Each structure stands twice: as C-alpha cells, then as structure tokens.
Amino acid sequence: MKNNIIELTTLSFSHHDQIKFAEFSGDKNPIHINQKMAKKTLAGECIVHGVNLILTALEFHLTNSNLLPTICRVWFRHPVSLGRPIRLVSDKDKNELRWETDMATPHCIIKIENQQKTWEQIKDAPLSKMEILSEPKETIMESLKVGAIIPSIYGGTPKIGRVLFPNLCSLIGLARVYEIALLSNFVGMQVPGLNSLFADCSLNLQKFSNSSKPHFELINYDKRFNLLKIKYSGTNIDADITA
C-alpha cells in the first residue's frame, strides 16, 4: 500500500454492533437490524447504518491523528453488509477516510476538512431529553412540503456513545457525537423513514453552541430520483443531508 495511504483498521460489523448503535441513535429501521424484513428490501440483507460508518471512521482517525476535522463531506457509494470484512484507510493526499473492500470499490468516502490541533475553546452543550420511537414512520414523499420545519424531538440512549466511541466522545464531547447519531434517527425513523438510506451528507462539527431548538428543514424533493434534501440546524452541529 502506498505510503500516503494508511490502513487504520479492518473489521466486520456484527448484528450486535447494529443493535447497540440502534439503541444509541434510536434508529431501529429494520433494514439495519431485522434480517427477515431486510431481505424484502432492495439491499436484500441487513446493512450498516451510514452514520455508524462516519462515527467509527472518526473514532479510528482520531486515535491515529492529533488533528480534529471540523467539516466532513460524506458520500455513500455502496451498502456495507454485516459480517463481511471491510477496510478503513486514510488517504493523506486526498484528505479522505474511505471504507473499502478493495481500492476499486469504496463503500463510503469521508472528506475531512479544516483540521485543527485543538477544540479546547469549543464546549459541547447537552441536548434535551428526547422521546424514543419504537418503529419507523412510513412517509408518503409526495405529501412532504418543501420548507417544512420539523423539531428534533426523537432520540435514543446517549450514554451508550461512551462505550461505542470512547475516544471520539472524549475529544469532541458526548453531546456532539450523540447529535451526529440523531441524523440517523431522523432519516431512518422519521423522514423519509422506513427503509430509507443516506446518499450523502455534509457535517459542520465545530459550531458554537446554539441556544435555539434543534430542527430539520425539508429543502427539496427530487421526484425523478426519489431523493430528499434536508438541512439540520442543531445545538453543536449543522448538517446537510440527501436521503
């Protein structure tokens, strides 16, 4: 492997991993945790939560680097199946983290930007206690109204984050890590909801704590490709999502 491309880890995600992330984020979309129901989807099997791929990549990245990315731009190219080895590499020339089965098949590309040595001046602010959804909603896409504002009121079990992502929580704060996980909850459990997946997203991780109530805004719906653009304005992060 080229010197500018470093392998950070090779692992496989288990069903247990999926359950723990579902408890953390509150995203219990069956495409991620119910093999019987997942077989009926386009994927044909359970696949890893996209946001779990992001957080796991950052966990390993920050274990091997003293630089903290403040902006991440993420593209999901192919689903990641459970129980199959996948490699996480750091490409220093491209400032990328990539989950890949081989160099020709990247599954998830994470472009890391504006890296800094310290976030000591930025403190994460705690989030309000949230309700937990037991099952995903089934949204009729044509009924969505562009410009609609949806408060962020659903979540999972925040404390699990310290077990799943200990280094990340230590460096950027549990509340910020949890807030990133809540993006998975919104897409997988609320809008679009059942069996929906991320196509891409952009994360602004270094936001001065905002006292306004976190919310999602529906920006655009492309009927041709059945893709919804969503903007999240949060307490510790901002995000733009395509799902």
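Everything here concerns the structure above.
Residues numbered from 1 in each chain as written. Predicted model: local features only at pLDDT ≥ 70, side-chain atom pairs only at ≥ 80, totals over all residues. Heavy atoms only, no water.

**Q** Before we move on, can you summarise the environment of Ile237 with the specific residues and values?
**A** Looking at where Ile237 falls in the secondary structure, it is placed in the loop between β9 (227-233) and β10 (238-242). Under the relative-accessibility criterion, Ile237 is labelled buried at 0%. Along the backbone, Ile237 and Ile180 are 57 residues apart, and their C-alpha atoms lie at a distance of 7.5 Å. (Helix = DSSP H or I, 4+ residues; strand = E, 2+ residues; numbered from the N terminus. Buried < 20%, exposed > 50% of the residue type's maximum accessible area, 1.4 Å probe, protein only.)

**Q** Could you give an account of the pattern of salt bridges, naming the residues involved and the relevant values?
**A** Under the criterion given, the structure shown has 9 salt bridges. A salt bridge links Asp222 to Arg224, with the nearest nitrogen and oxygen atoms 2.9 Å apart. The exposure class assigned to Asp222 is buried, which follows from its relative accessible area of 19%. Through salt bridges with shared partners, one network takes in Arg87, Asp91, Glu96, Arg98 and Glu100. (Salt bridge = Lys/Arg side-chain N within 4 Å of Asp/Glu carboxyl O.)

**Q** If you had to explain the packing of aromatic side chains to someone new, which residues and values would you point to?
**A** In total, this model carries 7 aromatic pairs according to the counting rule given. For the pair Phe24 and Phe165, a centre-to-centre distance of 6.1 Å together with 50° between the ring planes defines the contact as tilted. Of this pair, Phe24 sits in helix α1 (residues 15-25) while Phe165 sits in the loop between α5 (161-164) and α6 (166-172), and the two are 141 residues apart along the sequence. Phe165 shares its class with Phe24; the two are buried. (Phe/Tyr/Trp six-rings, centres within 6.5 Å; stacked < 30°, edge-to-face > 60°.)

**Q** Explain the side chain of Asn185 to me, using residue names and the numbers behind them.
**A** Mapping Asn185 onto the fold places it in helix α7 (residues 174-190). Of the polar contacts made by the side chain of Asn185, one reaches the backbone oxygen of Ser25; its length is 2.9 Å. Separated by 2.8 Å, the side chains of Asn185 and Gln190 make a polar contact. In this structure Asn185 touches Ser25, Gly26, Asp27, Tyr154, Gly155 and Gln190, once residues within four positions along its chain are discounted. (Polar contact = N/O pair within 3.5 Å; in protein donor to acceptor, adjacent residues only side chain to side chain. Contact = heavy atoms within 4.5 Å.)

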